Amino acid sequence: MTEGESKLIETAREALGPHGVITDAADIEPWVSDWRGRVHGASPAILAPSSTDEVAAIVKLAGKHRVPLVPQGGNTGMAAGATPSADGSQLLLSMRRMNRIRSINAEGRLAVAEAGVVLETLHEAAHEVGLRFPLTLGSRGSCTIGGLTSTNAGGTQVLKFGTMRSLVAGVEAVLPDGSVHSGLTSLKKDNRGYSLDQLLIGAEGTLGVITAVALKLVPAVAARAVAWAGVETPARALELLRFLEARTSSIEGFELVPEDSLQLVLKHVPGTRAPLNDQHNWQVLIEATTADANTDVGAELEQLLGTALQQGIIGNAVLAANEAQADAFWKIRDTISEAERAEGQTLAHDISVPVGDMPDFIIEAAKKVEQAFPGVIASGFGHLGDGNIHFHVRAAGHSNPNWYEDEGAKITRFVDNLVTQAGGSISAEHGIGQLKLEEFGRLAPPGRVNALRAIKHALDPLGIMNPGKLVP
Ligand SMILES: Cc1cc2nc3c(=O)[nH]c(=O)nc-3n(C[C@H](O)[C@H](O)[C@H](O)COP(=O)(O)OP(=O)(O)OC[C@H]3O[C@@H](n4cnc5c(N)ncnc54)[C@H](O)[C@@H]3O)c2cc1C
């Protein structure tokens, strides 16, 4: 432990009380590795404030003693952004005790939630007042509002509602000098220059600690319809999306699934069965929702898919007959990564290119990767309508148990080069954290890197906010 750390821990005990400082190694251990268990850090203590004032006090003390802080919510992030360095020189700042929903206003369609509120808790609170917070993802039972905001998370509803950036109406945060930015008034119009709120969204804890967020709510779902369609190519899938969007505003989810992924799920995930009785190279999971109880969203989707079939856009389609079947369709989509892991070693890339270019990119990039690295299988699945897919490379023809360690970095560089040449992003949803820092530094244009460094230095000259993350 550094001298600064021991001084900070001692004074933090006075500021936070006995529940606010955790030094027991067994209690710290589950929080110092990332969710996937790939990056292992160390920290002599977890500081756990329960109010904005307490966060401000800790940040001021951290500045005084020059001790870096690593903000952490549910620790479900995919880029190891909430994992401290391995040398134990950084302290974890857990936001999980700041877990109150401060207000929920049905008239204004706004909720103000503290950073440590778990996403599922917000979903339930919105439901109780007849509203909905539309963003959802697989980690909803553990991830927090502060973490979601700090990673600008996406999920499966982005097509209709956007990422966190479009759902956040205001941010309250403690800045690196210990001052509090109060942006919770959620003004619809405010042109006083740079938006600090927007700067903090997606900043991965490098510019301050988010303590509370004002969030936009939407009307609750009155009904949903879920369908599964078979298509010849990703280009046909995008054509189907555009066909549907031109005729209805109810499309909320549109997920591309290659036949290879479907077969892996059927092989490895118990209780799953193919939705269609014939085979297609590609499949699409479609979810349509309505807030209007008088709209028969199922009949509308069925009729539209019938026309798409007649026009040759799709080869076949089936509408889920009930909620259980709708959930079963989603289960196929949600368990692709799990099925891949059961099959063998897989390299995951969370990438985006312009939406219109994605169909060709998926096919061409997979071909190039398979040619350059014989024996692998490359494929893309996920949020086609957002131009964001999970481009996964599997070690299908390799018996090397260390394939991931031996080949992974080389293949990732190859994929990242293709993405960059296509004008895309090497991190569509998961952020940069530590895991993508080197690649981001290698590929980002100098102007972008210089601006990031300048902003970071201007707001955090002492470098106490999550150093070693996001900024190359
Ligand atoms: C099963 C699963 C499915 C997922 N699906 C998706 C998906 O579909 N789309 C998607 O975008 N992501 C997805 N994710 C990853 C997603 O990024 C995280 O679930 C979530 O956004 C992070 O929230 P968290 O509270 O766990 O944050 P953490 O992991 O604790 O932290 C993430 C980052 O935010 C910073 N941070 C956390 N809290 C604060 C705060 N209060 N102030 C400042 N900085 C803070 C941390 O320092 C770190 O850099 C998935 C993760 C899992 C495990």
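Caption draft 1: Local environment of the site of the ligand. Around the ligand, the surrounding shell holds 34 residues, and the nearest of these are Pro 71, Gly 73, Thr 76, Ser 139 and Thr 144. Backbone polar atom of Gly 154 to an oxygen atom of the ligand: 2.9 Å apart, as the coordinates give it. When the ligand is considered free in solution it has 980 Å² of accessible area, and contact with the protein chains removes 93% of it. Secondary structure elements with two or more residues in the shell around the ligand: strand E3 (69–72), helix H5 (145–150) and strand E10 (209–216). Counting residues per element, the shell around the ligand draws most heavily on H5, at 4 residues. Along the lines of polarity and charge, the residues of the shell around the ligand split into 12 nonpolar, 20 polar and 2 charged.

Caption draft 2: Examining the environment of Asp 278 more closely. The residue Asp 278 is located in the loop between helix H10 (259–268) and strand E14 (282–290) in this model. Counting along the chain gives 37 residues from Asp 278 to Gly 315, while the straight-line C-alpha distance between them is 9.3 Å. Side-chain polar atoms of Asp 278 contact the side chain of His 280, separated by 3.0 Å. Only 3.0 Å separates the side chain of Asp 278 from the side chain of Asn 316, close enough to count as a polar contact.

Caption draft 3: Inspection of the layout of surface pockets at higher detail. Within this model, the second largest pocket holds a volume of roughly 880 Å³. Along the wall of the second largest pocket there are 35 residues; nearest its centre are Ser 427, Ile 432, Phe 440, Arg 448 and Leu 470. Among the elements of the structure, helix H8 (196–200), helix H16 (437–443) and helix H17 (446–459) are those that each provide at least two residues to the lining of the second largest pocket. The element contributing the most residues to the lining of the second largest pocket is H17, with 5 residues. Considering only residue class, the lining of the second largest pocket consists of 16 nonpolar, 13 polar and 6 charged.

Caption draft 4: Region of the structure containing empty space enclosed by the protein. All chains considered together, the criterion is met by 1 cavity of 30 Å³ or more. Volume-wise, the largest cavity comes out at about 40 Å³. Along the walls of the largest cavity sit Thr 156, Leu 159, Gly 253, Phe 254, Glu 255, His 383, Gly 385 and Asp 386, which together make up its complete lining. When residues of the lining of the largest cavity are assigned to their parent elements, the largest contribution, 3 residues, is made by strand E13 (residues 251–258). Considered class by class, the residues forming the lining of the largest cavity number 2 nonpolar, 4 polar and 2 charged.

Caption draft 5: Fine view of the side chain of Thr 211. By the secondary structure assignment, Thr 211 is in strand E10. In terms of polar contacts, Thr 211 uses its side chain to reach the side chain of Glu 172, at 2.7 Å. Setting aside anything within four residues of it in sequence, one finds Thr 211 in contact with Thr 52, Val 55, Met 95, Met 98, Arg 102, Glu 114, Ala 115, Glu 172, Ala 173 and Val 174.

Caption draft 6: Geometry of unusual backbone geometry. Despite not being glycine, Asn 75 shows a phi value in the positive range, around 60°. The residue Asn 75 is located in the loop between E3 and strand E4 (91–94) in this model. On the basis of relative accessibility, which here comes to 11%, the residue Asn 75 falls in the buried class. One non-glycine residue, Ala 80, lies in positive phi territory at about 60°.

Criteria and cut-off values
Residues numbered from 1 in each chain as written. Predicted model: local features only at pLDDT ≥ 70, side-chain atom pairs only at ≥ 80, totals over all residues. Heavy atoms only, no water. Near = heavy atom within 4 Å. Polar contact = N/O pair within 3.5 Å; in protein donor to acceptor, adjacent residues only side chain to side chain. Areas by Shrake-Rupley, 256 points an atom, 1.4 Å probe, with all protein chains shown as cover. Helix = DSSP H or I, 4+ residues; strand = E, 2+ residues; numbered from the N terminus. Nonpolar A, V, L, I, M, F, W, Y, C, P; charged D, E, K, R; others polar. 1 Å grid on protein atoms, 1.4 Å probe; cavity = no way out; pocket = protein on both sides within 12 Å on 5 of 7 lines; lining within 4 Å. Points joined across faces, edges and corners; volume = space filled by probe spheres on them. Contact = heavy atoms within 4.5 Å. Buried < 20%, exposed > 50% of the residue type's maximum accessible area, 1.4 Å probe, protein only.

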